[in-house]
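The chain contents come next:
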Amino acid sequence: MTTNNIDILDKYFNWLEIDVKDEYKNKFFAFYEMLIEWNKNINLTAITDFNDVILKHFVDSLLITKVVQLDNKKIIDIGTGAGFPGIPIKIINPKAEIVLVDSLNKRVNFLNEVINKLELDKIRAVHSRAEDIGQNRIYREKYDFCVSRAVANLATLSEYCLPLVKKDGYFIPYKSGEINDEINNATKAVKILGGKIEKVPHFTLLDTDINRSFVVIKKEKKTPSIYPRKAGKPSKEPLS
Ligand SMILES: C[S@@+](CC[C@H](N)C(=O)[O-])C[C@H]1O[C@@H](n2cnc3c(N)ncnc32)[C@H](O)[C@@H]1O
């Protein structure tokens, strides 16, 4: 790792107001290197420049720390892909217990290698569709937080995620800046699934015009057992 790369990381962590130990910085560098290496053979990310990966993947994943405190919590990341936002969250929250879920096995294999190489504990990668894991008693209504970035529209995603959240826990999807229409289209789905939208904080990534919104959805009631419906249905026929 070069001095310049360390400076880049420091600049963004300062902006996030996160005090990151050297040990964690080394894990971010190792993660970056694995991402670039594995990306030569399997499709993990279109973003490869160091500064861009740090900002658009790592810092963006960590923006949630401005919204909630995640250490010591049980968290599930649905459609994690190459590990976003779950791996960056885990690196800076060593006591959090995290499950990463993706329907593509190649990406799950990559995540298992990352978990080993970075010596992360209390974290697992699971190969499953959200619709299946949501009906599995081991996972259903077990998590303090469900997070998800760039996977589906809010109505569909709510059906993937809210069944996994325990009562009084939160589903917090990462969404783009302009979100009003998506929220209007999902309000009924969120209610049917036992959730209530509490707030929608907005952010702009440092020195860019990239906007990020979080939809903070509290699980107020148990999700009716028919949800999630069978694989494919939540995306083909979103609840409305
Ligand atoms: C666009 S990628 C986003 C990956 C990552 N969250 C990110 O922000 O970089 C969407 C990911 O969701 C996964 N995915 C899509 N539908 C899914 C489902 N129903 N259950 C589990 N994973 C799903 C895909 O395999 C893919 O890895």
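In case you missed it, the structure is sitting above this.
Residues numbered from 1 in each chain as written. Predicted model: local features only at pLDDT ≥ 70, side-chain atom pairs only at ≥ 80, totals over all residues.

Chemist: Please set out the environment of Ser148 residue by residue, giving values where relevant.
Modeler: Tracing the backbone shows Ser148 in strand 4 (residues 143-149). Apart from the residues lying within four places of it in its own chain, the contact partners of Ser148 are Asp77, Ile78, Gly79, Leu157, Cys161, Pro173 and Tyr174. (Helix = DSSP H or I, 4+ residues; strand = E, 2+ residues; numbered from the N terminus. Contact = placed C-beta atoms within 7 Å.)

Chemist: I'd love a proper account of the pairing of strand 4, names of residues and values included.
Modeler: Counting buried residues in strand 4 gives six out of seven residues, a clear majority hidden from the surface. Strand direction decides the pairing type here: strand 1 (residues 74-78) and strand 4, joined by three bridges, are parallel. From the neighbouring strand, Asp77 faces strand 4, where its bridge partner is Val147. Examined bridge by bridge, strand 4 and strand 5 (residues 165-176) share six bridges and lie parallel to one another. Opposite Phe145, over in strand 5, you have Tyr170 as the bridge partner. Read from strand 4 through helix 7 (residues 154-161) to strand 5, the crossover connection turns out right-handed. (Buried ≥ 20, exposed ≤ 12 C-beta atoms within 10 Å, placed from the backbone. Pairing = 2+ DSSP bridges. Right-handed = clockwise from strand over helix to strand, strands pointing away.)

Chemist: Can you explain the packing of helix 2 (residues 22-39) against helix 5 (residues 105-117)? Please cite residues and give values.
Modeler: Closest axis-to-axis distance for the helix 2/helix 5 pair is 10 Å, and the angle between their directions is 150 degrees. Of the possible angle classes, the one that applies to helix 2 and helix 5 is roughly antiparallel. Seen from above, helix 2 lies across helix 5 with right-handed handedness. Contacts between helix 2 and helix 5 involve Ala30, Phe31, Met34 and Trp38 from the former and Phe110, Glu113, Val114 and Lys117 from the latter. (Axes fitted to C-alpha atoms, helices over the stretch in contact; angles between N-to-C directions. Parallel < 35°, antiparallel > 145°, perpendicular 65-115°, else oblique. Left-handed = near helix turned anticlockwise from the far one by under 90°.)

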